[in-house]
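Architecture and fold: a report
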Amino acid sequence: MGAVTYPMKKVVEFVETYMVPIQVLFDSQPLATKFNIQWTPTVITLDEEGKEHHRTIGFLAPEEFIPSLMLGVAKCHFDRENFSKAISILEELLMDNPKSEAAPEAVYVRGVALYKSSHSAEHLKEVYRRLQSEYPSSEWTKRAQPYKLL
């Protein structure tokens, strides 16, 4: 990714705006052990306390890398129960990158964040309908199947 993805202007701008990048070799100790880095590249989204919220393993092209990073940032907010911020980032991800590999998970997490904000099961039902319609073969569609019973 160092030759293709990382140097891309859009990637650099996103990382400089939203992240503090640290590059660690897969065998660098103690970080490789602490974060269970087994393969390179491994990209981990951590919060300020070093808690992991998202991980990708393997090469990602620039058009997939930014949505993956956005998903990681949104999941940081989600896990901290800052649902409105998570929803906003996920909506931007889905608006700008609806065909990305991160999109189905973004739909799922957005719907759960909306549910947790409102306690309305309609948001969960909508998650399943949208995933079934737009991403029928996604693992996230399968995970959302129970929502159709609500």
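Residues numbered from 1 in each chain as written. Predicted model: local features only at pLDDT ≥ 70, side-chain atom pairs only at ≥ 80, totals over all residues. Heavy atoms only, no water.

Attention now goes to the nonpolar core. Ranked by internal contacts, the top residues of the largest apolar core, which has 37 residues, are Phe78, Leu93, Leu94, Tyr108, Leu131, Ala144 and Tyr147. Breaking this core down by element, the ones donating at least two residues are helix 1 (9-18), helix 3 (62-79), helix 4 (83-96), helix 5 (103-118), helix 6 (122-134) and helix 7 (139-144). Setting aside residues no more than four positions away along its own chain, Leu94 makes contact with Ala103, Ala106, Val107, Arg110, Arg130 and Tyr135. (Core = buried A, V, L, I, M, F, W, Y, C linked by side-chain atoms within 4.5 Å. Buried < 20%, exposed > 50% of the residue type's maximum accessible area, 1.4 Å probe, protein only. Helix = DSSP H or I, 4+ residues; strand = E, 2+ residues; numbered from the N terminus. Contact = heavy atoms within 4.5 Å.)

For Val20, the location among the structural elements is in the loop between helix 1 and helix 2 (31-34). The sequence separation of Val20 and Asp47 amounts to 27 residues, and the corresponding C-alpha distance is 10.0 Å.

Relative to the 20 Å expected for 14 residues at 1.5 Å per residue, helix 4 spans 20 Å between its end C-alpha atoms, a close match to the ideal helical length. When helix 4 is considered as a whole, its buried residues turn out to be Phe83, Ala86, Ile87, Ile89, Leu90, Leu93 and Leu94. Each buried residue of helix 4 sits inside an arc of 170° when the element is viewed along its axis, so together they form one side. Of the residues in helix 4, the exposed ones pointing more than 90 degrees away from the buried face are Ser84 and Met95. Elements in contact with the buried residues of helix 4: helix 3, helix 5 and helix 6. (Expected span 1.5 Å × (residues − 1). Arc of directions from axis to C-beta.)

What follows covers helix 1. Of all the positions in helix 1, only Val11, Phe14 and Val15 are classed as buried. Projected onto a plane normal to the axis of helix 1, the buried residues spread over an arc of 95° and lie on a single side. Residues Lys9, Glu16 and Thr17 are exposed on helix 1 and point more than 90 degrees away from its buried face. Residues of helix 1 that are buried make contact with helix 3.

What follows covers the environment of Phe35. Tracing the sequence through the fold places Phe35 in the loop between helix 2 and strand 1 (42-46). For Phe35, a relative accessible area of 14% gives the class buried. Distance from Phe35 to Ser100, taken between C-alpha atoms, is 26 Å for residues 65 residues apart in sequence. Ignoring any residue separated from it by four or fewer positions in sequence, one finds Phe35 in contact with Ile44, Leu46, Gly50 and Arg55.

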